[in-house]
Amino acid sequence: MTPRFKWAWRRAVRKGESLRSRARRSSRGVRPENIVWIFGTGRSGSTWLGSMMGGLEGCAMWNEPLVGNLFGNFHYFRVGGRKSGGQYILGEPYKETWLGPMRDLVLGGAAARCPEVIGGGYLIIKEPNGSIGSPLLMEALPESRMIFLIRDPRDVVASSMDARSEGSWLSERRETQRRTSKADRTPNVYVRMRANSYVQQIEKTGQAYRAHGGHKVMVRYEDLRADTLETMKRIYSALGMSVEEAELARSVEKNSWENIPEDKKGEGKKRRKAKPGGWREDLTPKQVEIVEDITAPLLNEFYPHTATTRGAL
Amino acid sequence: MPPAGEETGGMRPENLVWVFGTARTGSSWLSAIMGEIGGYSRWHEPLVGHLFGNLYYERAGHRSEDEHFILGARYREIWLGTVRRFVLDSATARFPEVAAKDGRYLIIKEPQGSMGAPLLMEALPESRMILLVRDPRDVVASNLDAHKKGTWTADLMRKGGKEKPPSLAESRPDAFVKGQARRYVRDVGNAKKAYEGHRGHKVLLRYEDLRADTLETMKRIYSALEMPVEEAELARSVEKNSWEKIPVEQKGDGKFHRKAKPGGWREDLTPEQAEIVEGVAGSLLRELYPVRSNA
């Protein structure tokens, strides 16, 4: 086979693949435009937001599939210089070839798990811990809607520290691994690690958000806490999704902090504090410094009016 | 799962030949011999096994029973179908010359994706499989050499635009040895699991046998996998890719082609390091090399 013929063949194969993929996606299952992704980072209120949206009539929530983590962690952090090569499975020259199966993995998985939204209704995919792969997912599913949920990194780190401390809601998993948490053993090391992962996840979410040509909205956790109903209305408006205000208000009320039983919230619980700025009570001055140093560009960008412990960053 | 070849209009899964094991077992050599024979092409480390295996077995192993998890047990058939498409579509796009004709084969050299071998072989049960193993002490010794300062791995990283960070191979060699032994157990353990579960054509191959009598061992591979090959052409490829044909300046310590000497670990590892490997990988060592002595 001559090189010229080989390339012509490859082009034809790729084109054929694209066409067949398009046919496949139009013929079955969950509509990609009815998918709403929630990206950002863990401990930023995504469960709360996802519950309010997924609890509405005709909607469902897919809770942390980790599909973004599957592709993003590998593609961005494990393969180094191979990305531009032709051998690597997610190589840039063959992007069209693998974006199709990636798309099918999400749509097929969604249809199997949430058949109630096939043909209509919205599927909220809560995927904060898969945010690292958000640029790839939004490229594979450009019709989907996207929420960029962000929270002050100091509160995120404080909440993560609590979740991983001895006896907390995440300690069960750690017990099966038979080791104590880094948050307990070397708290400052954990703080540094979590601040770094915050930067990675928020930067990738920002990259996906900027590139996404479809419906999208950026939401600060602090705004959602300050006026939940108004912020929710803004989200639905920005995403071009219709919602009955009375139903939305009921969902907001049902999922409010005040409606969580007292014994299900507090330190060591999944629902801990819901208090913007609570990091002042939770982190040591040294830990605050670590977080602020690592996340400085993001704090400046998303929280420009928030004072830091060392004044302007 | 869809019938072979139908879903892509291209690559037939039975024409894929996977080479699993772990890095530094001679998989580049083996796949070069096979890939240069007429009718055969070589796919060099797609890492698709690592992509799926790493999340499934390591990072999210605790979530396998969670129905929300994208690779959850309840929806296994669905995502294995996607894994299959991933491989076949990608192979078709990259190797149209194999997809276009019957009787052509694609050798997929995937030692570093061996962690995901059980998933890949389950998704592509018609495929052929080579389990390539090597004495873990020689594998670890080879890696220890490769990760020292100024070796071929540093050159490779530099080509990718990065400087190689300081390695444990220099600062804490015993810890490095332990880590590599664990990696061997993970990779070869999962590749062996895939091998045992695979019902299609397969062959278990020791690097040491390939070194001792390359041509005869290669003939055994083609016979076991029921793949056609002309003996004269095979002999030419074996000769062309032999250790003796590699220029002297391209082999030796710190080079990609280092030693090719079974049992060379006795010169490379300290007695303590050999014991570390035997402690971690002892079970596989005894199973794969029952007549060999330990340190």
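Residues numbered from 1 in each chain as written. Chains lettered and ligands numbered in written order. Predicted model: local features only at pLDDT ≥ 70, side-chain atom pairs only at ≥ 80, totals over all residues.

K.L.:
Hey, could you run me through the sheet that holds strand S5 (residues 216-220) of chain A in this one?
P.N.:
Adjacent strands of a sheet form backbone hydrogen bonds with each other and so pair up, either parallel or antiparallel. Residue and element names in this part refer to chain A. Spatially, the 5 strands line up as an open sheet ordered S2-S3-S1-S4-S5, and their pairing is parallel. Looking at the sheet topology across the chains shown, the edges are occupied by strand S2 (60-63) and S5. The average undirected angle you get between the axes of adjacent strands in this sheet is 20°. As judged from the 4 bridges shared by strand S1 (residues 35-39) and strand S4 (residues 145-150), these two strands associate in the parallel manner. (Pairing = 2+ DSSP bridges. Helix = DSSP H or I, 4+ residues; strand = E, 2+ residues; numbered from the N terminus. Axes fitted to C-alpha atoms, helices over the stretch in contact; angles between N-to-C directions.)

K.L.:
Whenever I open this one, the sheet that holds strand S2 (residues 40-44) of chain B confuses me. Can you help?
P.N.:
Residue and element names in this part refer to chain B. Within the open sheet, the 5 strands sit side by side as S2-S3-S1-S4-S5. Their pairing is parallel. Edge positions in the sheet fall to S2 and strand S5 (202-206), since each has one partner strand and no second. Taking the axes of each pair of neighbouring strands and ignoring which way they run, one obtains an average angle of 20° across the sheet. Pairing of strand S1 (residues 16-20) with strand S4 (residues 128-133) involves 4 bridges; the strand directions are parallel. Bridge pairing links Val17 to Arg128 in S4. Packing against the sheet, helix H1 (residues 27-35) makes contact with S1, S2, strand S3 (105-109) and S4, and its axis sits at approximately 170° to S3. (Contact = placed C-beta atoms within 7 Å.)

K.L.:
Before we go on, may I ask you to explain the interface of chain A and chain B in this structure?
P.N.:
Quoted interface sizes are often the accessible area lost when the parts come together. At the interface, 37 residues of chain A touch 35 residues of chain B. Per element, the largest residue contribution to the side of chain A that touches chain B is 10 residues, and it comes from helix H4 (residues 95-113) of chain A. Partitioned by chemical class, the residues of the side of chain A that touches chain B number 17 nonpolar, 12 polar and 8 charged. (Nonpolar A, V, L, I, M, F, W, Y, C, P; charged D, E, K, R; others polar.)

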